[in-house]
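Next come the chains, spelled out residue by residue.
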Amino acid sequence: MGLSSSFYSGISGLATNGNAMSVIGNNIANSNTIGFKGGRTLFSDLLSTGVAAGSSGGQIGRGVQMAGVDNLFIQGTFENTEQNTDLAIEGEGFFMVKNPYTAIVDYTRAGAFRFNAAGEFVNPEGFLVQGYALDVSGNPIGNLTNIQVDPISLSAPRATTGVTLTTNLDASASYLGGFNIADPVNTSNYATSVTTFDSLGASHLVTSYFAKLDPVTNPLQWSWFSTVDGAEIGGAPGPVTVATGTLTFDSAGNLTGTVPSPLAIPAGTLPWSNGANPAQAIGFTMNTTQYATPSMVISQDQDGYTSGSLARITVDDQGKVLANFTNGEPRELFQISMAKFTNPNGLIKQGNNRFSVSSTSGAPIVGTAGSGIGKIFTNALEQSNVDLAQEFVRMITTQRGFQASSKIITTTDEMLAELINLKR
């Protein structure tokens, strides 16, 4: 092939190092791109040509070529943000986003997601984040779907079924002659009220009166009366007894039992006049003591709530989308899905921080956070994994390779000129 073949070796060096510089330039340009994965070039020599026989083979190389560009899927550092829907992945996983026009699913490490006006969970390009719908127990149901939350959704009310009272009844209180519903304030030693809810979410005040029984005939015992306003259950205004019972204490002031046990407002005794379920029953848990200190409520709680409108949507570290309502009740609606690949280097870059599947990447392995695919961090974004110091070193070596290849061409040209001058 002679001297002319060295021209082509030099040209291959120029072309290959030029492409390598393009990869380096792309890495540096994307050093601040969220979720970007840098690349590196791999060179290989071209098929050699044999020029002589012998044990050494006598082969002369024909230059260099680019064997491939590897995507480096090493972990990027995290940047903390103020946005709860900013998500970062630690591990091998990718978020799954669907093109709203073609329904093709792509994969990304860039987790800058938002809810749009329609309640869809999307990336900045409008691609729909994929996940699983959750049942009332928070378990995934069905197949992958678009994550979408109705911005005007409501949380249904829950009727109160249980009330917990933690109180102390004064052991030194006087016996007042017995409770009289016509004059509950003056015939009881202590009273406390708790707001409960019916099946429609309407609130009702339930008042518990405690009256000490005759210490001669019923030592260490108190009577309990639960009342509601009669106007709320179709009667005349004023307190109406809907349940009663007895509390018994030991000599140390500890509650030893109640009659009936447990204490409760039986079903059918609350025929709410607003049309709510009349079969509502409310059980009472009494964490009550009888110490010689003033009667007091230490705490009280009930398990009902009214209806609520959507106040805020958040994402937790399990990738679960939580709807928070004005009644204080959160609800798990979706769980974000993730995918990983046997050979992520086989993924095809689609731009806008997205990758698509290829025959060499393998099929996606789909799961959720905590299933071996990766962990999700909220209020965080994964930064580019480009190491600028390393890229500048590569830039220097690539530049030197390019210069050396150009020198091959100029030197070969000078050698050919000398050859031509031999005829003079």
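What comes next concerns the included structure.

Analysis parameters
Residues numbered from 1 in each chain as written. Predicted model: local features only at pLDDT ≥ 70, side-chain atom pairs only at ≥ 80, totals over all residues. Heavy atoms only, no water. Helix = DSSP H or I, 4+ residues; strand = E, 2+ residues; numbered from the N terminus. Rg over C-alpha atoms; globule rule 2.2 N^0.38 Å. Buried < 20%, exposed > 50% of the residue type's maximum accessible area, 1.4 Å probe, protein only. Contact = heavy atoms within 4.5 Å. Expected span 1.5 Å × (residues − 1). Pairing = 2+ DSSP bridges. Axes fitted to C-alpha atoms, helices over the stretch in contact; angles between N-to-C directions. Phe/Tyr/Trp six-rings, centres within 6.5 Å; stacked < 30°, edge-to-face > 60°. Parallel < 35°, antiparallel > 145°, perpendicular 65-115°, else oblique. Left-handed = near helix turned anticlockwise from the far one by under 90°. Salt bridge = Lys/Arg side-chain N within 4 Å of Asp/Glu carboxyl O.

Our next topic: the overall build of the protein. Helix and strand content of the protein: two helices and 30 strands. On C-alpha atoms alone, the protein measures out to a radius of gyration of 39 Å, which is more than a quarter above the 22 Å that the 2.2 N^0.38 rule sets for 424 residues. Each principal axis of the C-alpha atoms in the protein carries an extent, and together these give about 140 × 45 × 35 Å. Burial statistics for the protein: of 424 residues in total, 39% are counted as buried. Counting contacts in the protein only where the partners sit at least 6 residues apart, residues at least 24 apart contribute 62% of the total.

So, about helix α1 (residues 4-29). When the terminal C-alpha atoms of α1 are compared, their 38 Å separation across 26 residues agrees well with the 38 Å that a helix rising 1.5 Å per residue should span. Listed as buried for α1 are Ser-5, Ser-6, Ser-9, Gly-10, Ser-12, Gly-13, Thr-16, Asn-17, Ala-20, Val-23, Ile-24 and Asn-27.

Our focus in this paragraph is the sheet that holds strand β15 (residues 190-197). Read across the open sheet, the five strands follow the order β15-β16-β17-β18-β19; overall the sheet is antiparallel. Single-partner strands in this sheet number two, and they are β15 and β19 (255-259). Recorded for the sheet is a direction-independent mean angle of 25 degrees between the axes of neighbouring strands. For β15 and strand β16 (residues 203-212), the ladder comprises eight bridges, and the chain directions are antiparallel. Within β16, the residue paired with Tyr-190 across the bridge is Phe-210.

Pairing in this open sheet of four strands is mixed, and the strands run β20-β21-β14-β22 from one edge to the other. Looking at which strands have only one partner, the edges of the open sheet turn out to be β20 (263-265) and β22 (296-302). Each adjacent strand pair in this sheet contributes to an overall mean axis angle of 20 degrees, direction not counted. Strand direction decides the pairing type here: strand β14 (residues 162-168) and strand β21 (residues 282-289), joined by seven bridges, are parallel. Paired with Val-163 across the two strands is Phe-284, which belongs to β21.

Another point: the pairing of β19. Along any regular strand the residues' side chains alternate between the sheet's two faces. In this structure, strand β18 (residues 239-249) lies alongside β19, joined through four bridges in antiparallel fashion. Its bridge partner lying in β19, Thr-246 is registered against Val-259. In this structure, the hairpin formed by β18 and β19 is closed by a connection of five residues, where Gly-253 is found at a positive phi of approximately 85 degrees.

Time to look at the packing of aromatic side chains. Under the criterion given, the structure shown has twelve aromatic pairs. Taking the centre distance of 5.4 Å and the plane angle of 55 degrees together, the rings of Phe-73 and Phe-355 count as tilted. One end of the pair, Phe-73, is in the loop between β4 (64-71) and β5 (78-80); the other, Phe-355, is in strand β27 (residues 354-356), with 282 residues separating them in the sequence. Overall, Phe-73 belongs to the partly exposed group, its relative accessible area being 24%. Ring centres of Phe-179 and Phe-225 lie 4.1 Å apart, and the angle between their planes is 20 degrees; on these two criteria the pair is classed as stacked. Highlighted residues: Phe-179 in the loop between β14 and β15 and Phe-225 in strand β17 (residues 221-229), separated in sequence by 46 residues. As far as the burial class goes, Phe-179 and Phe-225 line up, both buried. An aromatic cluster is present here, built from Phe-73, Phe-94, Tyr-107, Phe-341 and Phe-355 joined pairwise through their rings.

Along the polypeptide, Thr-412 turns up in helix α2 (residues 388-420). Apart from the residues lying within four places of it in its own chain, the contact partners of Thr-412 are Leu-3, Ser-6 and Phe-7.

Closest axis-to-axis distance for the α1/α2 pair is 8 Å, and the angle between their directions is 160 degrees. Taken together, the axis directions place α1 and α2 in an arrangement best described as roughly antiparallel. For α1 against α2, the interelement crossing comes out left-handed.

With that settled, the discussion passes to the pattern of salt bridges. Scanning the model with the defined rule gives nine salt bridges in all. Asp-70 is the salt-bridge partner of Arg-40, the closest N and O atoms lying 3.5 Å from each other. A residue pair is termed long-range when its members are at least 10 positions apart, and Arg-40 in strand β1 (residues 39-45) and Asp-70 in strand β4 qualify at 30 residues. Notably, a salt bridge pairs Arg-354 with Asp-106, separated by 3.0 Å at the nearest N-O pair. Here the residue Arg-354 occupies a position in strand β27, and Asp-106 occupies one in strand β8 (residues 105-108), the gap between them amounting to 248 residues.

We now examine the side chain of Gln-302. By the secondary structure assignment, Gln-302 is in strand β22. When neighbours within four sequence positions are excluded, Gln-302 is seen to be in contact with Thr-160, Gly-162, Val-163, Val-194, Thr-195, Thr-196 and Phe-197.

Nothing here speaks to function; it is geometry throughout.
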